[in-house]
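Now for the letters of each chain:
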Amino acid sequence: MSKLTVVGSLSTDFVVSAEKRPEVGETIIGTDFKTTFGGKGANQAIAAARLGSQVTMIGTVGADVFGQEIIVNLKNNRIDTTNVESVTHLPSGSAHITVVDGDNSIVYIPGANNAVTEEQIVSALNEIEESDLVMVQNETPLEIINILVELCFQRGIKTIYNPAPAKPIPEELIEKVTFLTPNESEYNILFPNLSLSEGMKKYPNKLIITMGSKGVYFNNGSKEIQVPSYLVEPVDTTGAGDTFNGAFAVASTAGLDIETSIRFGNLAAALSIQKFGAQGGMPTLDELKGSDFYEKEWNLK
Ligand code: RIB
């Protein structure tokens, strides 16, 4: 079983379902409202834990009922929460999500997710050093991402940086991560002057671009590879990218090559979007048993 550390956001998702998105100044009547667990960091941690990795979470919640429930949910998913701290000066992070026809739009309020400190990272150094891989996303302050990536780079620890939501990041940081996993629109913000193919060629076996139903692309050093998605009817795409990242991390630390790890990520993501909520459909390894992938590729590793 591989060991992963995830540094990232812990949030509550407030999810409204509706038949359309309201125009500016318009009020519409929605069809449902639910509160679910989210945060890109927590989602990726839970995706990996359900697929069998031993996961440590580093993050921060507010001293409120949401924060307490977020920690209980992590524990229920077998995640080590020793390094999740609670702060009193900010509320727990939240995401305000509208789902229309299975697709989401999100307003993220960082709250306590912005309070992660360098001290927290340093005090979890043992866990980080024992990890096969460390994951981070853009719902954590860039200053902390820099510190974390540098620390892992110096020690030769593999990293996945999922640059979501998109913001420009320094090239020096990109050089130091093992895998960078933007979606297409995040890619365009990161690399406004490079076509997809140019970017993948510049960062072979590092830059992995997720393109929804069009599949996942990377360059293996000699050619561009497209790994097709499993085409399914989505109920809710929220957390698809997180499930992909968590599953990719599990497969890659289990020794599978990049292309096969992407296929595993795609399979997990396809299952996850068939249920409601970011974490609602994330599969367990048991649920994958019987699938072609599990029988032919997972058992062969
Ligand atoms: O990637 C999906 C997640 O991003 C949601 O769970 C929500 O918390 C948002 O920030």
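Refer to the preceding data block for the structure.
What you see is a predicted model, and the numbers here were worked out from it, not measured in a lab.

S.K.: Describe the overall build of the protein chain, naming the residues involved and giving the relevant values.
M.R.: A tally of regular secondary structure across the protein chain gives 12 helices and 14 strands. Since a compact globule built from 301 residues should have a radius of gyration of about 19 Å, the 18 Å found for the protein chain is in line with a globular shape. Considered along the principal axes of its C-alpha atoms, the protein chain spans approximately 50 × 45 × 45 Å. Buried residues in the protein chain amount to 54% of all 301 residues. Once local pairs closer than 6 in sequence are excluded, the contacts in the protein chain between residues at least 24 apart make up 67%.

S.K.: I'd like a description of the side chain of Glu186, backed by residues and values.
M.R.: With respect to the element layout, Glu186 can be found in helix H7 (residues 184-190). Buried and unpaired, Glu186 has Lys40 as its nearest opposite-charge partner, separated by 5.8 Å. When neighbours within four sequence positions are excluded, Glu186 is seen to be in contact with Pro163, Ala164, Pro165, Ala166 and Thr181.

S.K.: Go over unusual backbone geometry, please, and point to the residues and values.
M.R.: At the junction of Ala164 and Pro165, the peptide bond is cis and its omega measures out at -5 degrees in the coordinates. One non-glycine residue, Arg78, lies in positive phi territory at about 65 degrees. Following the sequence through the fold, Arg78 ends up in the loop between helix H2 (65-76) and strand E5 (79-80). At Asn205, a residue that is not glycine, the phi angle is positive and equals roughly 60 degrees.

S.K.: Which residues make up the site of the ligand, and what are the values?
M.R.: As a matter of local geometry, the ligand sits amid Asp13, Gly38, Gly39, Lys40, Asn43, Ala95, Ile106, Tyr108, Glu139, Gly239, Asp242 and Ala278. The contact in question runs from an oxygen atom of the ligand to an N or O atom on the side chain of Asp13, over 2.6 Å. Contact distances for the ligand include 2.8 Å between an oxygen atom and a side-chain N or O atom of Lys40. Alone, the ligand offers 280 Å² of accessible surface; in the complex the protein occludes 96% of this. Among the elements of the structure, helix H1 (40-50) and strand E8 (103-109) are those that each provide at least two residues to the shell around the ligand. Taken together, the residues of the shell around the ligand sort by class into 4 nonpolar, 4 polar and 4 charged.

S.K.: Describe the side chain of Thr5, naming the residues involved and giving the relevant values.
M.R.: With respect to the helices and strands, the residue Thr5 is situated in strand E1 (residues 3-7). Thr5 gets classed as buried once you look at its relative accessible area, which sits at 1%. Only 2.6 Å separates the side chain of Thr5 from the side chain of Ser131, close enough to count as a polar contact. When sequence neighbours within four positions are dropped, the list of residues in contact with Thr5 reads Thr56, Ile58, Glu127, Ile128, Ser131, Leu133, Val134 and Met135.

S.K.: For the sheet that holds E8, give the residues involved together with the corresponding values.
M.R.: Pairing is mixed in the open sheet, where 4 strands are placed in the order E3-E2-E7-E8. Of all the strands in the sheet, just strand E3 (32-38) and E8 have a single pairing partner and so form its edges. Each neighbouring strand pair of the sheet contributes to a mean axis angle of 20 degrees, computed without reference to strand direction. The pairing of strand E2 (residues 11-17) with strand E7 (residues 93-100) spans 7 bridges and is classified as parallel. Bridged to Val16 within E7 is Thr98.

S.K.: Tell me about the environment of Met200, residues and numbers included.
M.R.: Looking at where Met200 falls in the secondary structure, it is placed in helix H8 (residues 196-202). Put simply, Met200 and Asn220 are 20 residues apart on the chain and 8.7 Å apart in space, counted from C-alpha to C-alpha. Ignoring any residue separated from it by four or fewer positions in sequence, one finds Met200 in contact with Leu207, Ile209, Tyr217, Phe218, Asn219 and Glu224.

S.K.: So, the packing of aromatic side chains: which residues are in play, and what are the values?
M.R.: Applying the stated criterion across every chain yields a total of 6 aromatic pairs. Their ring planes at 80 degrees and their centres at 5.7 Å tell us that Phe14 and Phe66 sit as a pair that is edge-to-face. Of the two residues, Phe14 sits in strand E2 while Phe66 sits in helix H2, which places them 52 residues apart along the sequence. Ring plane angle 40 degrees and centroid distance 4.9 Å describe the contact between Tyr187 and Phe191, whose orientation is recorded as tilted. Members of the aromatic cluster, connected to one another through ring pairs, are Phe179, Phe244 and Phe248.

S.K.: Describe the packing of helix H9 (residues 240-253) against helix H10 (residues 258-272), listing the residues and the values that go with them.
M.R.: The N-to-C vectors of H9 and H10 enclose an angle of 140 degrees; their axes lie 7 Å apart at closest approach. In terms of axis orientation, H9 runs oblique to H10. Where H9 crosses over H10, the handedness of that crossing is right-handed. Facing Ala240, Thr243, Phe244, Ala247, Phe248, Val250, Ala251 and Ser252 of H9, the residues of H10 in contact are Ile258, Ser261, Ile262, Phe264, Gly265, Asn266, Ala268, Ala269 and Ser272.

Reading the values: the criteria
- Residues numbered from 1 in each chain as written.
- Predicted model: local features only at pLDDT ≥ 70, side-chain atom pairs only at ≥ 80, totals over all residues.
- Heavy atoms only, no water.
- Helix = DSSP H or I, 4+ residues; strand = E, 2+ residues; numbered from the N terminus.
- Rg over C-alpha atoms; globule rule 2.2 N^0.38 Å.
- Buried < 20%, exposed > 50% of the residue type's maximum accessible area, 1.4 Å probe, protein only.
- Contact = heavy atoms within 4.5 Å.
- Lys, Arg positive; Asp, Glu negative; His and termini not counted.
- Salt bridge = Lys/Arg side-chain N within 4 Å of Asp/Glu carboxyl O.
- Near = heavy atom within 4 Å.
- Polar contact = N/O pair within 3.5 Å; in protein donor to acceptor, adjacent residues only side chain to side chain.
- Areas by Shrake-Rupley, 256 points an atom, 1.4 Å probe, with all protein chains shown as cover.
- Nonpolar A, V, L, I, M, F, W, Y, C, P; charged D, E, K, R; others polar.
- Pairing = 2+ DSSP bridges.
- Axes fitted to C-alpha atoms, helices over the stretch in contact; angles between N-to-C directions.
- Phe/Tyr/Trp six-rings, centres within 6.5 Å; stacked < 30°, edge-to-face > 60°.
- Parallel < 35°, antiparallel > 145°, perpendicular 65-115°, else oblique.
- Left-handed = near helix turned anticlockwise from the far one by under 90°.

Coordinates in, geometry out; function isn't part of it.
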